[in-house]
Structure formats: C-alpha cells, structure tokens
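The primary structure of each chain is shown beneath.
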Amino acid sequence: MVAWQKDDGAKQLLQLILLHTAWEVGSGQLHYSVPEESQHGTFVGRIAQDLGLELSELVPRMFQMVSKGQEEYFQVNVQNGILFVNSRIDREELCAENMDCAIHLEVIVDKPLRVFHVQVEIKDINDNAPVFSVHEQILAVAESRLIGSRFLLSSASDADIDANALITYKLSPNDYFVLDSGSEEDQSKSPVLVLKTALDREKDPLHRLLLTATDGGKPQLSGTVQLVINVLDANDNPPVFNQSVFRVKLLENAANGTLVIKLNATDLDEGINKEISYFFSNNVPSSFTKVFSIHTHTGELRVFGKVDFEDVNLYNLQIVAEDKGNFPLSGHCKVLIEILDMNDNAPEVTVSSLSVPVPENSPPGTVVALISIADRDSGANGQVTCLMWPSGLPFKLTSTFKNYYSLVLAEPLDREQVAEYSLVLTAQDQGDPPLSASSSLVVPISDVNDNAPTFAQPSYTVFVKENNPPGAHIFTVSASDPDVAENALVSYWLDEKLWPLSSYISVHSESGKLYALQPLDYEEVKLLEFQVRAKDAGLPSLCGNVTIQVFVLDENDNSPAVSGPAEDTPSLLKVPVAAGYVVGKIHALDADSGYNAWLRYELLDATRSPWRVGLYSGEISTTRTLEEAEGSNSESLLVLVKDHGKPVLSTTATFSVSLVASAQAAQSDARHSRTVGNSKPLADTANLYLIIAICSVSSLFLLVILVYVALRCQSQDKEAMVYGPGTATLVCASEVGSWSYSNRHSHILAGVSGDAGAKSDLMVFSPNIPVLAEGGKELVPNAAGQHT
C-alpha cells in the first residue's frame, strides 16, 4: 500500500515537471476565441493574468498591443488587464471562406523588453442564409430516361463556414423524383435530381417542384428555388466525363490561344445523339468567359483574354457536355485553374501634395512633396525601394511609412543661382528580373526680395555743354536687380539731402534718364554733384545709389567786353615821338574760358597808318617817328577785339589820340597834372592867359575840354581800382600771352599811374572746377587765396 502511494506521488511530480516544461516552451503565445458580430466591450480574456503580468506594472512597463496590419478590433484595459472587443467583427468580410480566421496581436512590455504573441480566433455564427443563383431552374427530361437517371441542379451558396455553411436540400413531395445532395467528399454538395419512377409525358408533361436549401446553423436559415421539369422523348444517355473535377496550374500573362486543358466526355448513344458539344455552364461568371474559351467540338479549353493574377488568382469553371439528340442530354464537370504570379507589374510612383513653387528662403526640412509607391504584385515581386536622381541636389527622400516617402529640403536655396530643379524619382521592385518606374518632377523656386539694385560702377562723370535746351536728356543711369517680377522692378529718384537740385536736374522714375530742366550756364554753375537712388518694388523694398558728377562745358557765348578810355576822352601825345612808342592800351575781358576767352586785337583800316596794336596785349604804339609838324592833329583808331572760340565773337573799341606840339603839350600836361593830383586848377598866369585865349576863341571848345577832363578823371579813378581777389591758376606776362583751359574772370592787377610805356599787365585766370571738400561742399577761396 505504501509502495503504491510512492509510485502515485512520483507520477504526479513527473506530470508537474512536464506541465512546467510545456509552459516554458509556449510562453509568449496565447489563444482566445470570440464569436463574430460581438458587441463593443465583449470580454475576450484576462490577458495580463494569462501572460503572468501584474496589473500594477502594466503602465510602468509601457504595456501596448499592436494589431498586425488590421483594424484595432481589440483593446486592453490597463486598469484590470482585460482584453475586450473594440469594434464590430464580420468574419465573412475579414476571412471570406477560409476555414481558419484569426487576428494576430503583439503585446509589448518594457523593462525588460518582451514580446508576446496573441491569437484571437473569430468564431463563425449563422448570419447568412443559403442563396440560389436563379429563382427558377428549367429542366428538360426525356420520358425514356431510366429510373435512377440523375440531373444536376443549381446549388445554393452560403457565406458562412463549417456547420453554418453545411447545406442540406429538401425537395417538395412528388411521385417521380427524389433528391441526392452528393457525397461527403464533394464540398460543394451540388444537389442532383434522381428519377425514381418512369416518366410518362402523355400523363404528366410538366412537373413543378420546390427545392429548399437549409444550412446547419442554429437557428437554421434556408432558401428556395422553383424547378420546372419538361418531360421530353428520345435521347436517354447523357455525356459523361472521366472525372468530375480537374485541377490545372497556369502562369499569368499566358498568351492568347494557350491550351489549358482538353476535356473529353463520352456518350453511349449512337448517331446524332452521340455527338457532343461543350460550353460553359450558366453558373460561370461572364467575366470568366472573357478570359477563357472552350472549343464546342473538341473540348479544348484555351486562353482567350488577359490572365492577371492581381485580378483573379483562382478560376472555377463548370463545363457542360451536351449531345445533339432531339432531346439533348448533358453531363458536367468542374475545372479549377490556379494562376501563378509573375513579376509583370512595375511599381507605380504617385506624387501628391506638391508644394511648388518653393520660396528660396525656405528652411531645411521643408516638405516639398509626398510620394507613394505601389506594386500590385505579391511577395518579393511587390517589395519596392525608391531612389532620387541626380545626386547633389538640395533635396532628400525621407521614408515616413511603408512605401511612403517625403521629399524635403536638405540645403538652403538661392533662386539667383538655380531657378528650377528637375529630378527623377525611381522605384524598383525585387522581382527577377526587377521592374522599375520613374516619375519626373520639376521644382521651381520662387523669388524673395533679397538683392538690392546695383549700378555698374559707384559713380559716373557726365560732361554737358552749357546753353542746353530745357528738358534735354544728358545721361541715363541703369541699375540691375537679379530678382524677378516686382522684386526686380526698379524705380529711380534724386537724393536731395545734400543739394536741392530739383530745379536743375530730374530723373525719370522708370527709365533712369537724367534731364536738365533749364539751360545750364557755365559762368554760373560748373559742377553738379548728386546721388541717384534706385529702389525695387519688393516687400520690403531694397535700395542702391550712385554718385553723378555733371561738369558743364564752356561754350563761346560771351563776346569780349571793352573797358577803359572812350572815344570822347582822347589821349594827348606830345610830338615828336620815336617809332614803337606805346600810346595806350585797349582793356577787354571775356566771361568765357579757355580758347573762348583768349583775345586778340586787330587795327581796322591800318593801311598807311602810323599806328599798330599788339596782337595779344592790346597795346597801341607808333609804327614810325612822328614829327612835330604833325601836331595839332587828332585821330580815332578803330580796334577789333575777338576771341578764339567757334564761332568767333568780336567787338570794336575806338581809341582817340590827339597830337600836340611841344608848347601845347606843356599846357596840357599842366592841366593833366592838376587834375590827377587834387582835381583843382592852379592859378598860374600862363595857363590863365592860355585859357582866356581859348575861351575867347571859342567858348564851345572850352566846354568840350572841361567835359573831357571830368570824364578822364573819372576813368582814371576806376582804373586805379583793383578787381576782387580770386584763386590764380595761371599768370601770363608775355606779349603773346597764354590761356588757361578754365577761366571765368580776368583780373587786372595793374594801376593807372606809372610809365605809359611799361608792359606790366597781368592776366589771372580762375579755375572752372570748384574744389570739393570731403562732405561734397564747394570750398570758396578767401582774400589770401586759401580755401575756406
């Protein structure tokens, strides 16, 4: 008794060890089952407890459950560890006619990381009734058919499985026919009508029966079809195939005309009743008859259309063999064609959400486009990779999900360097040989106002002749902007912060043309310096500037002006005098500069005249010795003063000379001396006698002399003045003289007093270009010649 108990304890220990070993091997795998159409919240199992997890560690260990490629039909309550139904489950929609229908779940926990596999089997319920393909089936049966003859009927279909799809047929009560639902090996269990009593067409030419199909579910569901049987005479042996089901494998994309199978049915009848024709049963979908064809006489089943694995991978064809008797008899068989997949579908590249154009200031990481890749093949033929060409572009492909990519910006953009990018996206599968597809993508870059207008050079020098017509075009400035559209639309205006020049110069806002609003006068303005600014129309706008220097060029528009003794104030010359004696000088000025202000003097009507004038000095001198006998004579010399400009401008001056003998000259010199000294006549007896004599000769002559003396004194006072100071650039003292390129005023620095024969005239020329300080202002010379 004790030994038996010991043996029993050893057996229990062995069972525990085996049970523990089985649990270790199967850990991480759970199996549950739940009926289809279960409501939300239906209890499935205590998954946490079954996995050996504590409820308190579900959240800390980041308990999560992932469904493999399906909807979230289940959820876990982390508070109690219960697995429950989350949404409605339709087994027929999920698994079709597959016997095994299960949803695979993965449970993942951290610390430490463990993965558990959970399988939830979906149990079928009887929620689909059997359905016939037609509402009424018409049969023609010869009355000569023997008892036991069999007639194939249209079967009913049920979307459920197992017992719920196990269909039983029931025929309405009658005297002639019974129902054979087929053998257990035939899964389709097509009903067959069996003749149990010989038919008599003359007695009953038409039979109407009701066929009922009932499934095996609880509760049972059923469907019906009306059988109309016409009783015929004659031919009583139907064609028969050597087997009821044929299975064939066929590669997809098989060429038209490819032989699939050759069927052969035999008929024991003779003559025309033995000739057989083959055709598809009415149960074959019309789409199948567009893919395959069967020869009516030979029974050859051939490819007729496109065989595509991606459309249909299994064809179920019911073939009917019918003889040609007066009352045809038929036999049937089933052909199952399994289609084998080929790598015949290239990947498809789809670009969506293309965000173009891309602003050139977009930051790296900006999503430009979303790309999806699809391949209708299966297995390795449907696995796809995506690449971008060419390399080196500022873009990259980022995988976001299986067969989904994002085209993102990898580097900063510059539209002025590259305004548009063209790239090619290539997708390639892993079939043998591999197939690929490409999609071209153009990414234009939109402009941002990041470039200011620029001029070709920082400053321009413009030379304009004076006396231009008002509104004359003098120059054109042009600024370039590498941007486009309104960002490159440049407008111009004058910057008058330094000088108010709006009365002199204007600029066209669009063309940049500079116009002189009024005639420029070199004698007033020699240089205009200003800035022209260019602004684009972007937001915000950017500006650039350029400095313009307009130099006014002198034109010969001023005639020489004569100053000094006039015709009514003659110079007294005491004779005799030697040749070359300088009597006086013509003083003339020209407001122009350069050649236009370089004067030359000519004596008009100088034939046989004892006078000459210096070509450039204007000094009037004798050409020969004048004798005393030529005294008491007065001459007026006409001098032509002209410049060197083009055209030449000129003026004339009259120089009067009175020749007096030595005695008369003494009296004239005395009067001249008194006038120059203090302007009061001396009470000299000789002079008084002379004046009385002259007055007695002609009071009119005395009046002329007094007027002449008064004018002479006034002229001498003016000649004694010195012209205002100026900045000298060139001093000329020679007789031929010289000239400065730039001259506005000639300053006479010589006084009136002194020897009339001395050549001491100095010509001083002022510059035409003002000296500019750093700030752009003109420096004015002071009396000492220094710039202030």
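Higher on the page you've got the structure.
These lines cover the structure that appears in this document, whether it is placed above or below. (Residues numbered from 1 in each chain as written. Predicted model: local features only at pLDDT ≥ 70, side-chain atom pairs only at ≥ 80, totals over all residues. Heavy atoms only, no water.)

### Some remarks on the sheet that holds strand β10 (residues 150-152)
Taken together, 3 strands build an open sheet; the order of strands is β10-β14-β13 and the sheet is antiparallel. Only two strands of the sheet have a single partner each, and these edge strands are β10 and β13 (177-180). Each strand of the sheet is rotated relative to its neighbour by a mean of 30°, with strand direction disregarded. For β10 and strand β14 (residues 192-195), the ladder comprises 3 bridges, and the chain directions are antiparallel. Each residue of the ladder has a partner; that of Leu152, found in β14, is Val192. (Pairing = 2+ DSSP bridges. Helix = DSSP H or I, 4+ residues; strand = E, 2+ residues; numbered from the N terminus. Axes fitted to C-alpha atoms, helices over the stretch in contact; angles between N-to-C directions.)

### Remarks on the pairing of strand β23 (residues 300-303)
Two elements, strand β19 (residues 259-262) and β23, share 3 bridges in a ladder whose sense is antiparallel. Note that in β23 the partner of Lys262 across the bridge is Glu300. Note: strand β22 (residues 292-294) against β23, 3 bridges, orientation antiparallel. When the bridges of β23 are listed, Phe292 appears paired with Val303. Where β22 folds back onto β23 in an antiparallel hairpin, the turn is made up of 5 residues, including Gly299, whose phi is positive at roughly 80°.

### Some words on the sheet that holds strand β45 (residues 582-585)
Pairing in this open sheet of 3 strands is antiparallel, and the strands run β45-β49-β48 from one edge to the other. Only two strands of the sheet have a single partner each, and these edge strands are β45 and β48 (611-613). Strand-to-strand twist of the sheet, defined as the mean angle between neighbouring strand axes without regard to direction, takes the value 20°. The pairing of β48 with strand β49 (residues 619-622) spans 3 bridges and is antiparallel.

### Overview of the side chain of Asp429
Looking at the element boundaries, Asp429 is found in strand β32 (residues 420-429). There is no salt bridge for the buried Asp429, and the closest opposite charge comes from Arg376, which lies 12 Å off by N-O distance. Within the structure, Asp429 has its side chain in polar contact with the backbone nitrogen of Gly431 (distance 3.3 Å). Looking at Asp429, its side chain comes within polar contact range of the main-chain nitrogen of Leu435, at 2.8 Å. When near neighbours in sequence (up to four residues on either side) are disregarded, Asp429 contacts Asn343, Asn345, Pro347, Asp375, Asn381, Gln383, Val384, Pro434 and Leu435. (Buried < 20%, exposed > 50% of the residue type's maximum accessible area, 1.4 Å probe, protein only. Lys, Arg positive; Asp, Glu negative; His and termini not counted. Salt bridge = Lys/Arg side-chain N within 4 Å of Asp/Glu carboxyl O. Polar contact = N/O pair within 3.5 Å; in protein donor to acceptor, adjacent residues only side chain to side chain. Contact = heavy atoms within 4.5 Å.)

### What to know about the pattern of salt bridges
In total, this model carries 11 salt bridges according to the counting rule given. With a shortest N-O distance of 4.0 Å, Lys306 and Asp308 are connected by a salt bridge. Classification of Asp308 as buried rests on a relative accessible area of 3%. Here Glu602 and Lys642 are joined by a salt bridge, their closest N and O atoms 3.2 Å apart. Separated by 40 residues along the polypeptide, Glu602 in strand β47 (residues 599-603) and Lys642 in strand β50 (residues 633-643) bring together distant segments of the chain. Each of the salt bridges in this network shares a partner with another, and the network as a whole consists of Arg415, Glu416 and Asp447.

### Focus: the packing of aromatic side chains
Counted under the stated rule, the structure contains 12 aromatic pairs. Residues Tyr460 and Phe475 carry aromatic rings whose centres are separated by 5.4 Å and whose planes lie at 50° to one another, so their mutual orientation is tilted. A residue pair is termed long-range when its members are at least 10 positions apart, and Tyr460 in strand β35 (residues 459-465) and Phe475 in strand β36 (residues 472-476) qualify at 15 residues. By relative accessible area, Tyr460 is classed as buried at 14%. Of the aromatic side chains, those joined through ring pairs into one cluster are Phe288, Phe292 and Tyr315. For Lys526, the ring lying beneath its charged end belongs to Tyr522, and the centroid distance is 5.4 Å. (Phe/Tyr/Trp six-rings, centres within 6.5 Å; stacked < 30°, edge-to-face > 60°. Lys NZ or Arg CZ within 6 Å of the ring centre and 35° of its normal.)

### Focus: the environment of Ser439
With respect to the secondary-structure elements, Ser439 resides in strand β33 (residues 436-446). As for Ser439 and Val424, which are separated by 15 residues in sequence, their C-alpha atoms are 5.6 Å apart.

### Digging into the environment of Ala561
Secondary-structure assignment places Ala561 in strand β43 (residues 561-563). By relative accessible area, Ala561 is classed as partly exposed at 44%. Among residues more than four places away in sequence, those in contact with Ala561 are His587, Ala588 and Leu589.

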